[in-house]
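Chain by chain, the residues:
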Amino acid sequence: MTSIAVDATPDRSTTPNRGVDPLPSPEAWLAAAAYHGELFAPLDLGVRIALLARSSPTQMIVWEAGNAGIDAQFEAFAGYTASGADIVLAADRESLLEVCSAVTERLFEVLRAGIRSGHIVCYVLKRRCVLEERGLDELLDALGFAFMGACR
C-alpha cells in the first residue's frame, strides 16, 4: 500500500520548458494523486505514470510510487522505454491545458475523455497482468480501460 508523499521532491527532476506546452507543476500533480488517493494507495514501489506533451516530448511529469509514498517530479523524456514508466500519457496542447485546469477532482474525467477522443494517447508499456499485479487495475479503470474475462 502506498501513501502520498508530503512534498514533491526534486530528485531526477529538470526544469520544464514553460515556453512550450505546459505540464502541471509537481505540486499540482502531487495534489491530484492525494485527491485520488484510493487509486494510488494500492501501487507497488517503483510504479511510474508519466504525462508529456505530444508536440514537444522532451519533458515529462511523473508520478512514482516510492518508500515515502507517491512523488511527483519533472524528468527529461528520452523515449518511451527509457522513461521507465508503466504508463505514458502523451497529450496534445488542448488536452494539456484542460489537464492543468482540472488537476484535482476532474483529472481522471479529463484524462479519460482525452484518451477516448484521441487527444491523449495512452501508451501502456507493460502487460495488463503485470500492471494488475503492481496495483494499477483501479487506476486503469479510472482511465477508461475495462478488461474482462479470459481476454486479459
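Placed above this text is the structure.
Reading the values: the criteria
- Residues numbered from 1 in each chain as written.
- Predicted model: local features only at pLDDT ≥ 70, side-chain atom pairs only at ≥ 80, totals over all residues.
- Heavy atoms only, no water.
- Helix = DSSP H or I, 4+ residues; strand = E, 2+ residues; numbered from the N terminus.
- Contact = heavy atoms within 4.5 Å.
- Salt bridge = Lys/Arg side-chain N within 4 Å of Asp/Glu carboxyl O.
- Buried < 20%, exposed > 50% of the residue type's maximum accessible area, 1.4 Å probe, protein only.
- Core = buried A, V, L, I, M, F, W, Y, C linked by side-chain atoms within 4.5 Å.
- Arc of directions from axis to C-beta.

Enquirer: Sorry if this is basic, but what is going on with the overall build of the chain here?
Expert: Helix and strand content of the chain: six helices and five strands. N-terminal to C-terminal, the α/β element order of the chain is α-α-β-β-β-β-α-α-β-α-α. Across the chain, contacts joining residues at least 24 apart in sequence account for 70% of those joining residues at least 6 apart.

Enquirer: Could you clarify how one ought to interpret the pattern of salt bridges in this entry?
Expert: Pairing is possible between side chains that carry opposite charge, provided their charged atoms lie close to one another. Scanning all chains against the criterion turns up seven salt bridges. A salt bridge links R48 to E64, with the shortest nitrogen-to-oxygen separation between them at 2.9 Å. Of this pair, R48 sits in strand 1 (residues 48-53) while E64 sits in strand 2 (residues 59-66), placing them 16 residues apart in sequence. The exposure class of E64 is buried, given its relative accessible area of 18%. Sharing partners across several salt bridges, the network here consists of R48, E64 and E75.

Enquirer: Help me understand the nonpolar core in this model?
Expert: Across soluble globular proteins, nonpolar side chains have a tendency to be buried as a group. Counting residues in each nonpolar core, the largest one holds 40 residues, and the members touching the most others are W29, F40, L51, W63, F108 and L136. Formed by eight residues, the second largest nonpolar core is a distinct cluster that contains A50, M60, V62 and V88.

Enquirer: Would you explain helix 4 (residues 107-117) in this entry?
Expert: Residues that lie three or four places apart on an α-helix share one face, since the helix turns once every 3.6 residues. Within helix 4, the full set of buried residues consists of L107, F108, V110, L111, G114 and I115. Each buried residue of helix 4 lies within a common arc of 160° when the element is viewed along its axis, so the set occupies one face. G118 sits one or two residues past helix 4 and shows a positive phi near 90°.

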